[in-house]
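Chain by chain, the residues run as shown.
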Amino acid sequence: MAEIIAILNQKGGCGKTTTAVNLAAALALYGKQVLVIDMDPQGNATTGFGVEKNEITNTIYSVLTGASTIDDAVIDTDIPGLDVVASNIALSGAEIELSKEVGYHTILELAMETITDEYDYIFIDVPPSLGILTINCLVAADSVIIPIQAEFYALEGMADLLEAIQLVETRLKSPSPIKGILLTLYDSRTRLGRDVYSNVKEYFGASEHVFKTTIPRNITLAEAPSHGKPCIIYDEESSGSQAYINLAKELIRLDESEDNK
Ligand SMILES: Nc1ncnc2c1ncn2[C@@H]1O[C@H](COP(=O)(O)OP(=O)(O)OP(=O)(O)O)[C@@H](O)[C@H]1O
Ligand SMILES: [Mg+2]
């Protein structure tokens, strides 16, 4: 059975998609079978894998509305062991359409049932909001990774995010424990960067895992999507790629230690 991890933070631009794309690619390089489900109408994860989002008929939108099955929507990427379910702007209509359905929070979870045993990891790239799409992601996920941009306002909105995770657990009986907090766009040379890291550690205390791996601000990570490739394929030696490779190793170690518990 796949471990299903949602990458979420309602804050825009904190590195959710970059993390979904590059962590998935790094795990595939380690021989894991990995699927990325793009649940954001912006379709950035789709583009990040070089898939032309507006030329795809069977997207996550058609899956959620029942027009296609998820098996029909899975697309092979150029990277062995790595697949993607695409998204495009059509998904922006889904919030309203889905809200009319009975049991609308479980639509993604039910749609995914047929494919979960084909993968080791499934990452869901979540849009920057706490709406119906995000609730569907939380219900479908086993756990979450929260990327936090190392900036002055890093923890703003965190209480709302944690409350949403909590509500999905208590009201919908679908817990999604935090797999880890990931510091992104991090510059260890600046005082601000170091301060944010220690604030984040303090905020989450000993109760949550803050990844030891941090993701540096690295221009190659930002350039890679325009080449339709994950950074770790485009330029494996870049500091951003190396960070995501280290994150993949840390995640594998974390999973192994959980399995041994
Ligand atoms: N570590 C990094 N170094 C440099 N640029 C980065 C890094 N991480 C992300 N970026 C760039 O910052 C922008 C936002 O990143 P990304 O799209 O991953 O964030 P997001 O949280 O998915 O955004 P949204 O909330 O809009 O979905 C992108 O242009 C991306 O290429
Ligand atoms: Mg994104």
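Here the structure is a predicted model, which means the values were calculated and not measured.

Asks: Is there a simple way to think about the overall build of the protein chain in this case?
Replies: A count of helices and strands for the protein chain gives 12 helices and 7 strands. A compact globule built from 261 residues should have a C-alpha radius of gyration of about 18 Å, and the protein chain, at 17 Å, falls within 12% of that. Expressed as a percentage of the 261 residues in the protein chain, the buried residues total 46%. Counted over contacts in the protein chain with a minimum sequence separation of 6, partners at least 24 positions apart contribute 77%.

Asks: Any chance you could explain the site of ligand 1 here in plain terms?
Replies: Taken together, the neighbourhood of ligand 1 is formed by 20 residues, with Lys16, Thr17, Thr18, Pro128 and Ala222 sitting nearest. Breaking the shell around ligand 1 down by element, the ones donating at least two residues are helix H1 (16-29) and helix H10 (219-223). Among the elements that line the shell around ligand 1, the one with the most residues is H1, at 3 residues. Grouping the amino acids of the shell around ligand 1 by side-chain chemistry returns 7 nonpolar, 10 polar and 3 charged.

Asks: Explain the nonpolar core here, please?
Replies: Inside soluble globular proteins, nonpolar side chains tend to come together where they are buried. Formed by 81 residues in total, the largest nonpolar core has its most connected members in Ala6, Ala24, Ile60, Phe123, Ile124 and Cys137. With 8 residues, H1 is the single largest residue contributor to this core. For Ala24, the contacting residues outside a window of four places in its chain are Val34, Val36, Leu82 and Phe123.

Asks: Just to check I follow, could you spell out the sheet that holds strand E2 (residues 34-38) for this structure?
Replies: Strand pairing in a sheet relies on backbone hydrogen bonds, with the paired strands running either antiparallel or parallel. Taken in spatial order, the 7 strands of this open sheet run E3-E4-E2-E5-E1-E6-E7, and their pairing is mixed. Of all strands in the sheet, those with a lone pairing partner are strand E3 (74-76) and strand E7 (178-184), marking the two edges. Adjacent strand axes in the sheet meet at a mean angle of 25° when their direction is disregarded. Summarising the sheet, E3 and strand E4 (residues 82-85) pair through 3 bridges and their orientation is antiparallel. Paired with Asp76 across the strands is Asp83, a residue of E4.

Conventions adopted
Residues numbered from 1 in each chain as written. Chains lettered and ligands numbered in written order. Predicted model: local features only at pLDDT ≥ 70, side-chain atom pairs only at ≥ 80, totals over all residues. Helix = DSSP H or I, 4+ residues; strand = E, 2+ residues; numbered from the N terminus. Rg over C-alpha atoms; globule rule 2.2 N^0.38 Å. Buried ≥ 20, exposed ≤ 12 C-beta atoms within 10 Å, placed from the backbone. Contact = placed C-beta atoms within 7 Å. Near = placed C-beta within 6 Å. Nonpolar A, V, L, I, M, F, W, Y, C, P; charged D, E, K, R; others polar. Core = buried A, V, L, I, M, F, W, Y, C linked by C-beta atoms within 7 Å. Pairing = 2+ DSSP bridges. Axes fitted to C-alpha atoms, helices over the stretch in contact; angles between N-to-C directions.

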